[in-house]
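# Working through the structure, step by step
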Amino acid sequence: MSYEIYKTLHFLGIAMLMLSLGGFAGLALSGQGPTESSRKLMLSTHGTSLIIILVAGFGMHAKAGIGGFPLWLILKLLVWVVFGGLTVLFRKRPESAKALWWIMPVLVAFAGWLALAKPF
Ligand code: HEM
């Protein structure tokens, strides 16, 4: 697969990630829990998105000839892990949804900037 396909898949994964976490955030903000079917849909979208982001990320890593694990990539992996754990936070601490509503897009922008600027 080409670098461009990997990057497109990377963006698809990010969109799915935001869709699923946005759903959890919206429900938490409205003080309602998800129904069984919507919880399954959002959780499976969340899980699938993380796999797509990771596979496409390493695909680009290989295609772009980025050697080893520079700090910017390690930080992106950390952002990925944080996004992976947010469903637990929404379940255990629904009151955190108000802050996460703003923090999540900033985290996406930060991960994008890390890949774009490769600052360290
Ligand atoms: C949820 C977390 C992540 C978000 C939101 C994210 C976001 C982005 C964005 C927006 C870009 C495009 C930047 C540009 O226009 O050049 C990008 C590129 C990239 N990302 Fe991610 N990313 C995430 C996780 C990861 C992970 C886990 C990996 C590693 C396996 C990764 C590896 C890469 C690579 C290698 C590039 C391309 C860098 C280049 O071409 O020089 N990303 N990412």
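The following refers to the structure shown.

About the thresholds
- Residues numbered from 1 in each chain as written.
- Predicted model: local features only at pLDDT ≥ 70, side-chain atom pairs only at ≥ 80, totals over all residues.
- Heavy atoms only, no water.
- Helix = DSSP H or I, 4+ residues; strand = E, 2+ residues; numbered from the N terminus.
- Buried < 20%, exposed > 50% of the residue type's maximum accessible area, 1.4 Å probe, protein only.
- 1 Å grid on protein atoms, 1.4 Å probe; cavity = no way out; pocket = protein on both sides within 12 Å on 5 of 7 lines; lining within 4 Å.
- Points joined across faces, edges and corners; volume = space filled by probe spheres on them.
- Nonpolar A, V, L, I, M, F, W, Y, C, P; charged D, E, K, R; others polar.
- Contact = heavy atoms within 4.5 Å.
- Donors = N, O, S within 2.8 Å, 3.2 Å for Na, K, Ca; no water.
- Tetrahedral: all angles 85-135°; square planar, octahedral: opposite > 155°, others 65-115°.
- Expected span 1.5 Å × (residues − 1).

## Regarding the side chain of Ser20
Topologically, Ser20 is positioned in helix α1 (residues 3-29). The exposure class of Ser20 is buried, given its relative accessible area of 2%.

## Points about the layout of surface pockets
To locate leftover empty space, one rolls a probe as large as a water molecule over the atoms. Here the largest pocket defines a volume of roughly 650 Å³. Contributing to the lining of the largest pocket are 27 residues, with His10, Met60, Lys76, Ala111 and Ala115 lying nearest its centre. Residue composition of the lining of the largest pocket, grouped by class: 20 nonpolar, 4 polar and 3 charged. As a volume, the second largest pocket reaches approximately 230 Å³. Taken together, 14 residues form the lining of the second largest pocket, with Phe24, Pro34, Thr87, Phe90 and Arg91 sitting closest to its centre. At the level of elements, α1, α2 (36-63) and α3 (71-92) are the ones that each hand at least two residues to the lining of the second largest pocket. A per-element tally of the lining of the second largest pocket places α3 first, with 4 residues. Considering only residue class, the lining of the second largest pocket consists of 8 nonpolar, 4 polar and 2 charged.

## A word on the side chain of Ser49
By the element assignment, Ser49 lies in helix α2. Taking the relative accessible area as the measure of exposure, Ser49 reaches 0% and is therefore buried. With near-sequence residues (within four places) excluded, Ser49 lies in contact with Gly13, Met16 and Leu17.

## What about the coordination of the iron atom of the ligand?
Bound to the iron atom of the ligand on the protein side are His10 (NE2) and Lys76 (NZ), at distances that span 2.1 to 2.2 Å. Here the iron atom of the ligand binds 6 donor atoms, and the angle range of 79 to 177° at the metal identifies the geometry as octahedral. Taken as a pair, His10 in helix α1 and Lys76 in helix α3 lie far apart in primary sequence, 66 residues in all. According to the relative accessible area criterion, Lys76 is buried, its value standing at 17%.

## Looking at α1
End to end, α1 covers 38 Å across 27 residues, agreeing with the expected 39 Å (1.5 Å per residue, within 8%). Of all the residues in α1, the buried ones are Tyr6, His10, Gly13, Met16, Leu17, Ser20, Leu21, Phe24, Ala25 and Ala28. Tucked inside the fold, the buried residues of α1 contact α2, α3 and α4 (97-117). Once α1 finishes, Gly31 follows within two positions and takes phi at roughly 70°, a positive value.

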